[in-house]
Amino acid sequence: MKSLSVAVFILGLSLCILGQKNLLYETKGKSTQQTQPQWPCRFLIEECVNNSYTQNSCEKVFCQPWQRCVEGTCVCKLPYQCPRNGTSVCSAQRKTFRNYCQLKSFECQRRDSRFMYKGNCNSEESFQIFLENEDVPSEGFIQVEMNHLQKTFICADGWSMNEANVACRQLRFPEGADRVESGYPNDASNSSECLKATCRGTETSLAECSLTRFNNTDMTVAKVVCHTTHKECFSGEFHCVNQKCIPLRYVCDGNNDCGDLSDELCCKACRRGSFHCLSDVCIPNKYRCNNERDCLTGEDENRKLCDKLAKEKERGRTKAAEESMDEEGTEAPEESMDEERKKMKTFLPQLHCGIGNRMVARRKRILGGHEAEKDEFPWQVAIRNEQHRLNCGGVFIGGCWILTAAHCVRASRVHLYRIWSGMVNSVNMSAGIETFYLKKVIVHEKYNSKTYENDIALLEMKPKDIRHTSCDLHNFMPVCIPWSKYMFRSGHQCKVSGWGLEEDFKKQFTLKWGYIYLMENCSEIYRERYFEGMECAGTDDGSVDSCKGDSGGPLVCFDSNNVAYLWGIVSWGENCGEKGHPGVYTKVVNYFEWISRHTGKSLISQYNV
Ligand code: 4AZ
């Protein structure tokens, strides 16, 4: 039995790597392998694939500028929710839009609009494509007709599934292409020139891609087979969410082969030529350091990585110049709509959150942690309770809102609490400390004081004076709220901070912080005391931990630009600093919708989330 499963495993592995279609049919009695042909696979994560993520899953990728994220799905914005500036554009239906975002949001909702060209519709410009075919209406050579001039073929060079999916979509095959081909057209009279198409892969018209005219030296041009009928996938094929089948060897290679991105969103590792985001998404290498964040936590734009890449590129460029291999199109490529898409993003409102003052030199040395510098944790507040004691921490998240643990507060005592901000030392009170009264205490409606399930509460502060509606002050910086459970994972090093007890359970007066690590398998440790919405974090030896008095305070994790996200709220644990008993935190990402419902979405949403 054991040796059989090993054989099946090796078979599955080779399928994933090689994608050999018929291998399985030669082996007998493995019917289970035929229903789930993609497992086991070295690249794919099964539990993740079962969630059927696509390019519209904002837990995995960013939404387009003409979309926003609602409960994990990118939905269409209304055109008025787009930025107002930008260049006007003309749709294939000859309707002028104020800018690209407005056209795309219109298209996103009604699906009866396409981009045609930049500029208003008063000019005579046009853009159409044709599928040159003899008998099958869903396949053939692609020809482009621009401004009513002679039709031009697409170059075979650079023709990949990215571009083919776009062409098929434009030709009203919504799932895109089944495969790409190339060849010599029967009527090759006008194939001495061709257009090289470069798409991102999510466009709905080739007019949105960059098209550059080339001399076609070998006369081969691009051909496509568009997807029409749904077929069962072979073993050795990946089942895309849009029902297409692609060879398993195409998954996790950074290319959007499925057309809905479903082949790139659940990858343990990525193939050569692509980059692995911490969220297990593969992106093409060319998206690294292109000044656009593609990975949720920005590791594709990490400064160190980009400096290194720039140096390598510089070396490569000098080499290429020596060999003068650079090929060039016969006309300057027009700026593609990809640039316009990026520009739209920069026009969207930006959230300012999670930026602490970078660490300066450390003085010596929560439990086992370091003393905080002023402004290092500008989102950390202390809550003074009804007995005038500072027994809990809290976290500023923007507006007049503080997040804390539900077990720290009672709604009925709203008038007795005070929020202290900008404080480092609770004895030597320095300048810059502010005190706030509360207007409202919102304890999570499903908070269970016996089990500490949903141990989260929102406190609304009163603005300092009645002329102000905001509580933003110079010492304050909101922390960012994470919107996807894939942003940080077990093993990630994060910081916990608070005025809680330190070693030997001594009381401390200085804000302290320590590095701890996110942990999985906590239900094995805390068993029936551990619930959905909790997360464990600590160190292997228990030397750094939160403790009594830290409750309600922040566990923050940093993205690759050092922006802080509130991943956890100190909640409970079996004692403090005990090996094998990590601290338990309220998992904030699970409460994103709850928080935004009370505070307003725009307060905590960034990147169109
Ligand atoms: C507490 O009593 C407490 N080690 C907070 C955190 C932890 C334990 C107890 C985690 O508030």
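One can find the structure itself at the top, above this paragraph.
Quick look at the structure, then. (Residues numbered from 1 in each chain as written. Predicted model: local features only at pLDDT ≥ 70, side-chain atom pairs only at ≥ 80, totals over all residues. Heavy atoms only, no water.)

### Quick notes on the site of the ligand
And then number 1: Around the ligand, the structure places Asp545, Ser546, Cys547, Lys548, Ser551, Val570, Trp572, Gly573, Asn575, Cys576 and Gly583.
And then number 2: A distance of 2.8 Å separates an oxygen atom of the ligand from a polar side-chain atom of serine 551.
And then number 3: Contact between the ligand and asparagine 575: a nitrogen atom at 3.1 Å from a main-chain N or O atom of the residue.
And then number 4: Within the complex, the protein chains bury 84% of what would otherwise be the 300 Å² of accessible surface of the ligand. (Near = heavy atom within 4 Å. Polar contact = N/O pair within 3.5 Å; in protein donor to acceptor, adjacent residues only side chain to side chain. Areas by Shrake-Rupley, 256 points an atom, 1.4 Å probe, with all protein chains shown as cover.)

### Focus: the state of the cysteines
And then number 1: If you walk through the whole model with that rule in mind, you get 21 disulfides.
And then number 2: Disulfide partner of cysteine 63: cysteine 74, at an S-S distance of 2.1 Å. A torsion of -90° about the S-S bond marks the disulfide between cysteine 63 and cysteine 74 as left-handed. Here cysteine 63 is found in the loop between helix H3 (46–49) and strand E1 (67–70), whereas its partner cysteine 74 is found in strand E2 (residues 73–76), with 11 residues between them in sequence.
And then number 3: We classify cysteine 74 as buried; its relative accessible area is 6%.
And then number 4: A disulfide bridge connects cysteine 392 with cysteine 408, and the sulfur atoms are separated by 2.0 Å. Where cysteine 392 bonds to cysteine 408 through sulfur, the torsion about that S-S bond is close to -80°, and the disulfide is left-handed. In this pair, cysteine 392 is assigned in strand E19 (residues 390–398) and cysteine 408 in the loop between strand E20 (401–404) and strand E21 (418–421), connecting sequence segments 16 residues apart.
And then number 5: Note on cysteine 392: relative accessible area 5%, which makes it buried. (Disulfide = S-S within 2.5 Å. Helix = DSSP H or I, 4+ residues; strand = E, 2+ residues; numbered from the N terminus. Buried < 20%, exposed > 50% of the residue type's maximum accessible area, 1.4 Å probe, protein only.)

### Quick notes on the pattern of salt bridges
And then number 1: Considering all chains together, one arrives at 24 salt bridges under this definition.
And then number 2: The closest approach of N and O atoms between glutamate 340 and lysine 118, which form a salt bridge, is 3.6 Å. Remark: lysine 118 occurs in strand E5 (residues 115–118) and glutamate 340 occurs in helix H7 (residues 337–347); sequence separation between them is 222 residues.
And then number 3: Taking relative accessible area as the criterion, glutamate 340 reaches 0% and is therefore assigned buried.
And then number 4: Judged by its relative accessible area of 22%, lysine 118 is partly exposed.
And then number 5: As a salt-bridge pair, glutamate 292 and lysine 345 come within 2.7 Å of each other at their nearest N and O atoms. Here lysine 345 lies in helix H7 and glutamate 292 lies in the loop between strand E16 (282–284) and helix H6 (303–323), a separation of 53 residues in the sequence.
And then number 6: Its relative accessible area of 24% is what places lysine 345 among the partly exposed residues. (Salt bridge = Lys/Arg side-chain N within 4 Å of Asp/Glu carboxyl O.)

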